[in-house]
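Residue strings, one per chain:
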Amino acid sequence: MIEPYPTSRAAASTSPRAISGWQAAVSGAIAAALALATGELVAAFVPGATSPIVAVGAAIIDFAPPGSKDFVVSLFGTNDKTALLLVVGGVVLVVGALIGLLARRSTIAAGVAIVLLTGVGTLAAVRDPASSVMPALASWAAQSAVGYLALTTLLGAAVPAGARTTDVAPDRRRFLAWAGGLGVLAVLGGGLGRSILTTRAASTAEADTSIPPVTSPIPTVGPDDGFAIDGLTPLVVPNEDFYRIDTALLVPSVDIGGWQLRVHGMVNKEVTLTFDQLVAMPLVEQYVTIACVSNEVGGGLVGNAKWTGVPLLDVLGLAGVQDGATQIVPRSVDGWTAGFPTEWVTHPERPRDALIAVKMNDEPLPVEHGFPARLIVPGLYGYVSATKWLAELELTTLEAFDAYWVPRGWAKEAPILTQSRIDVPHEGNGVKAGLVNVAGVAWAPDRGISKVEVQVDQGDWRAATLSTTAFGPQTWVQWKYAWQATSGQHTLTVRATDGTGTVQEDRVTPPPPDGARGYHWVTVDVT
Ligand SMILES: Nc1nc2c(c(=O)[nH]1)N[C@H]1C(S)=C(S)[C@@H](COP(=O)(O)O)O[C@H]1N2
Ligand SMILES: [Mo]
């Protein structure tokens, strides 16, 4: 026998059978890590190949049963996405360790298991509309080969070499050197692939976007338009602080040169616009507050920004919407869909100024917020309307199609509910007796806010002062109330009245299926 499968202590132990369990498990885990790293590297360098780990994460989000929709909703946040990827990666390592143990019985069986494991990632990857079959198959072959080669190499290094000796230290050192080396290789390779994939996504925002100036600029919200109260949410939320919600594990990176918006379905004439053609149309701007249906009472999944873009109706006008096209279905480059009644934006008495937005707070749309174009529809929750990375507008009927979240248990029609929030004092914070500023935000796009009231303990409702409402009913307002605080524990409650005179509902409901209801309240200790 020659290295790396030398004769070992016992006659029967020339096979991987003689390898200790922990060495087999570590070998398998490292082989799996190298296979994963290979998937990332291929995705980074081969057009049409996608990251298998991201693809599996995306599949978990997509296939989560409707019963687990609360779990899915909480997965939306950025930190939760990282957690999901770590869990998927961890599961792959554990399966790899089991494959390592299996290899002690049969290296062929272990090889088959590696092909199956990497096949799961490949199956998930080909679901991605951005992936192509040939690169996915090539990536699968590369991952399997690297995984199998790494496993057999490590197992070879683990086979005890010193016959008739009890000193296994040299063998262990050799194994640890191989394991350490290949482990570092997996981390470096995977890290390189991952960082290429994420910086590629991020750099698209810096792409030169020659967006012409707006034809009729609106007055800008200045510092004097809001209240200067510490801890109070600003009237306009800066892009980097704006909440982010979507199903995309890896932000779609859109090449602006190749981007197109296709308007099709029940239209007189199908229309396709390039980015330059889109922004050559008259550009308008407006402040619009957007909100997520999964926002809890008092939660932060709501924000107000200045959006610049082309009126949706102008683009629909180019195609000519047919009678009977009762639903507009926007679709993103990654296949995600929203859907809302055409009437919401064409209503004769109350057409909402929906925009195909290309700028957010005077900057090109950040990648996380939909670069290069997204939809902003005043008055509707994001999941039925605010499509980021917009690629298509399909005209259809309400009966013919249910958008992404509808079969997952969320309402088909989803106007934003009237809500109000106390920002200061913060729940649980102590304040000094005397005059205390109670302040927050209230929104009811696109009905507007006419009144905000504050209640101390079980007292009377008292009117709060509102910031300017000059930016239109589609935006939120700040409110403040000067409270003469006396020592002891107190409860502060807020409620808003919308522009139609309807008071916010006090009936408490969870976010599913159509948004949370109820009043926000905080308890404060006054000393
Ligand atoms: N392509 C795409 N667009 C999307 C989503 C998504 O998952 N994919 N989520 C929607 C939801 S649920 C919300 S609340 C808003 C959030 O927009 P923001 O991340 O810019 O705040 O985007 C909407 N647009
Ligand atoms: Mo949302």
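Provided above is the structure to which this section pertains.
What comes next concerns the included structure. Each chain has its residues counted from 1, running along the sequence as written. Labels are handed out in written order, letters beginning with A for the chains and numbers beginning with 1 for the ligands. pLDDT decides what is reported in this predicted model: residues at 70 or higher carry local features, side-chain atom pairs at 80 or more are listed and counted, and totals for whole chains, interfaces and linings draw on all residues regardless. To get the side-chain values, all heavy atoms of the structure are used, and hydrogens and water are removed first.

**Topic: the side chain of Gln504**
Inference 1: Every helix listed is a DSSP run of H or I at least four residues long, and every strand listed is a run of E at least two residues long, numbered separately from the N terminus. Relative to the elements of secondary structure, Gln504 occurs in the loop between β18 (488-498) and β19 (520-526).
Inference 2: Throughout this description, a polar contact denotes any pair of N or O atoms lying within 3.5 Å of each other; where both atoms belong to protein, one of them has to be capable of donating a hydrogen while the other can accept it, and for residues adjacent in sequence the pair is counted only when both atoms sit in side chains. A distance of 3.0 Å separates the side chain of Gln504 from the backbone oxygen of Gly518, its partner in a polar contact.
Inference 3: The criterion used for residue contact is that any of the two residues' heavy atoms lie within 4.5 Å. Apart from residues no more than four positions distant in its own chain, Gln504 is found in contact with Thr418, Gln419, Ser420, Arg495, Ala496, Gly518 and Tyr519.

**A closer look at a nonpolar patch on the surface**
Inference 1: Among the surface-exposed residues, Leu123, Val126, Val133, Met134 and Leu137 lie close enough to one another that they form a single nonpolar patch of about 490 Å² accessible area.
Inference 2: Among the elements that make up the nonpolar patch, the one with the highest residue count is helix α6 (residues 133-158) (three residues).
Inference 3: Of note, Leu123 is situated in helix α5 (residues 107-125).
Inference 4: Leu123 sits in the exposed class, given a relative accessible area of 62%. Each patch is built from residues lacking any salt bridge and having more than 30% relative accessible area; the joining distance is 9 Å for like charges and 5 Å for nonpolar side chains (Val, Leu, Ile, Met, Phe, Trp, Tyr). Computed by Shrake-Rupley with a 1.4 Å probe, the accessible areas treat only the displayed protein chains as cover when residues are assessed. Within this document, salt bridges are pairs made up of a side-chain nitrogen of Lys or Arg and a carboxyl oxygen of Asp or Glu, the two lying within 4 Å of each other. Only protein chains enter the accessibility calculation, which uses a 1.4 Å probe. A residue is then buried if its area is under 20% of the maximum for its type, exposed if over 50%, and partly exposed in between.

**Quick word on the pattern of salt bridges**
Inference 1: Using the criterion set out here, one finds 17 salt bridges in the structure.
Inference 2: One salt bridge in this structure joins Arg350 and Asp446, with 3.5 Å as the shortest N-O distance. Placement of the pair is Arg350 in the loop between α10 (343-346) and β7 (355-360) and Asp446 in the loop between β13 (434-443) and β14 (449-456), with a sequence separation of 96 residues.
Inference 3: Assessed through its relative accessible area of 11%, Asp446 is described here as buried.
Inference 4: For Asp423, the salt bridge is made with Arg421, and the minimal N-O distance between the two is 2.8 Å. Arg421 shares its class with Asp423; the two are buried.

**Considering the sheet that holds strand β15 (residues 461-463)**
Inference 1: Taken in spatial order, the five strands of this open sheet run β12-β19-β18-β14-β15, and their pairing is mixed. Looking at the sheet topology across the chains shown, the edges are occupied by β12 (430-431) and β15.
Inference 2: Direction of pairing for β14 relative to β18: antiparallel, over a ladder of seven bridges. Its bridge partner lying in β18, Val452 is registered against Ala496. Paired strands, in this sense, are two strands between which DSSP finds at least two bridges.

**Describing the pairing of β18**
Inference 1: When you tally the buried positions in β18, you get eight out of 11 residues, the bulk of the element.
Inference 2: Bridge count between β18 and β19: seven bridges; the pairing is antiparallel. Considered in β19, the bridge of Thr491 is made with Thr523.

**Overview of the sheet that holds strand β6 (residues 340-341)**
Inference 1: An order of β2-β1-β10-β5-β6 is seen for the five strands of this open sheet, with the pairing classed as mixed. Lying at the two open borders of the sheet, with one neighbouring strand each, are β2 (271-274) and β6.

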